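Here's the letter readout for the chains.
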Amino acid sequence: MGNEFNENNMPVFENVAGEKRLHIRYDNVRLSEFERKVILENKCGSFLEMQCVCGRNSIDIFYSCEGCREISEVIREEISSGAELFMAACAVLQAVKCCSDYLISPQELCLTPGFVYYSAENKKAELLYIPGYKSDMEVGEQIARMIGRVFEEESVQDMIKESVDRYIRKILEQEYGVSELIHITEEFIRSERLLSMPQIYENGNEKDNLYIKEEDKTYLNKESVVNIDINNIKNRIRSIIKEFIL
């Protein structure tokens, strides 16, 4: 492509034939054969579907975004737990990984919040393909920046902010590859789910509640990943059942 993409050239929402689309115009540019193929064939499922109109000195790309919202909006308005947040991050990383199958590197993907779309219902992230875009940041840095920008707002819950802080520190420890980042993110999802598990009480008067006693939790590292003695829990549940039967 003839020029370098400028992030200040943000996409604009438009209605085209009754369908909501995003529109970006590029002036004085020329698509490479590979970029034209990516746009016109729409084979990569990580990207919003595209249509391209080429003029003499400009290129207009229209992105179909029905059913998707900017990831920053979804995080602010729909996500209420650390597990849900990390599932969104994992969906973005899965989309980035899928692009590698089409010879598109993470550095060619714009992971700025306004260019990443997410459906909390389908747990799917989709990206805007920006021909000519190049980032000098590793994918972990891009993910950290994307999440960090959203969580600069004071309206976000403090409890989630603490989890986000641990996550960002972890993914910036070293230059992890995409698959490694997916594994780390999945571990954070599991950790958050375990922390929110209902609790198992041994007290017979409180059998209707579940409580995992503090001594059964082993905090393995600074990310507060939790390991629970599952056999111990199973034995308690059996004891509770026996008491009911007797």
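Higher on the page you've got the structure.
Let me sum up the structure you'll find in this document. Here the structure is a predicted model, which is why all the values come from computation and not from measurement.

Conventions we followed
- Residues numbered from 1 in each chain as written.
- Predicted model: local features only at pLDDT ≥ 70, side-chain atom pairs only at ≥ 80, totals over all residues.
- Heavy atoms only, no water.
- Pairing = 2+ DSSP bridges.
- Helix = DSSP H or I, 4+ residues; strand = E, 2+ residues; numbered from the N terminus.
- Expected span 1.5 Å × (residues − 1).
- Buried < 20%, exposed > 50% of the residue type's maximum accessible area, 1.4 Å probe, protein only.
- Arc of directions from axis to C-beta.
- Salt bridge = Lys/Arg side-chain N within 4 Å of Asp/Glu carboxyl O.
- Phe/Tyr/Trp six-rings, centres within 6.5 Å; stacked < 30°, edge-to-face > 60°.

## Thoughts on the sheet that holds strand S5 (residues 69-70)
Now for step 1: Strand order in the open sheet made by the 3 strands is S5-S6-S7, with antiparallel pairing throughout. A single partner strand is all that each edge strand has here, and the edge strands are S5 and strand S7 (124-127).
Now for step 2: By the bridge criterion, 2 bridges tie S5 to strand S6 (residues 116-119) in an arrangement that is antiparallel. Looking at the pairing, glutamate 70 lines up with tyrosine 117 of S6.

## Section: helix H6 (residues 178-195)
Now for step 1: If you check H6, its first and last C-alpha atoms are 26 Å apart, about what 18 residues at 1.5 Å a residue would give, namely 26 Å.
Now for step 2: Of the residues making up H6, those classed as buried are Val178, Leu181, Ile182, Ile184, Thr185, Phe188, Ile189, Ser191 and Glu192.

## A closer look at helix H2 (residues 71-78)
Now for step 1: Of the residues making up H2, those classed as buried are Ile71, Ser72, Val74 and Ile75. One side of H2 carries all its buried residues, which in axial view fall inside an arc of 165°.

## Some details on the environment of phenylalanine 188
Now for step 1: By the secondary structure assignment, phenylalanine 188 is in helix H6.
Now for step 2: A C-alpha to C-alpha distance of 8.6 Å links phenylalanine 188 and serine 163, two positions 25 residues apart in sequence.

## Quick notes on the pattern of salt bridges
Should their charged atoms come close, side chains of opposite charge can pair.
Now for step 1: Here the structure, examined in full by the defined rule, presents 10 salt bridges.
Now for step 2: Ionic pairing is found between lysine 134 and glutamate 108, a salt bridge with its closest N-O pair at 3.7 Å. Taken together, the positions of lysine 134 in the loop between S7 and helix H4 (139-150) and glutamate 108 in the loop between helix H3 (82-100) and S6 put the pair 26 residues apart, joining distant regions of the chain.
Now for step 3: Residue classification places glutamate 108 among the partly exposed residues on the basis of a relative accessible area of 22%.

## Describing the packing of aromatic side chains
Now for step 1: By the definition in use, this model includes 4 aromatic pairs.
Now for step 2: Centroid distance phenylalanine 47 to tyrosine 129: 5.1 Å. Interplanar angle 50°. Geometry classified as tilted. Note that phenylalanine 47 is positioned in the loop between helix H1 (33-41) and strand S3 (50-54) and tyrosine 129 in the loop between S7 and H4, a separation of 82 residues in sequence. A single burial state applies to phenylalanine 47 and to tyrosine 129, both of which are buried.
Now for step 3: Ring centres of tyrosine 167 and phenylalanine 188 lie 5.3 Å apart, and the angle between their planes is 80°; this geometry places the pair in the edge-to-face category. One end of the pair, tyrosine 167, is in helix H5 (residues 158-171); the other, phenylalanine 188, is in helix H6, with 21 residues separating them in the sequence. For the pair shown, tyrosine 167 and phenylalanine 188 are each scored as buried.
Now for step 4: Counting every residue linked through ring pairs, the aromatic cluster contains Phe86, Tyr167 and Phe188.

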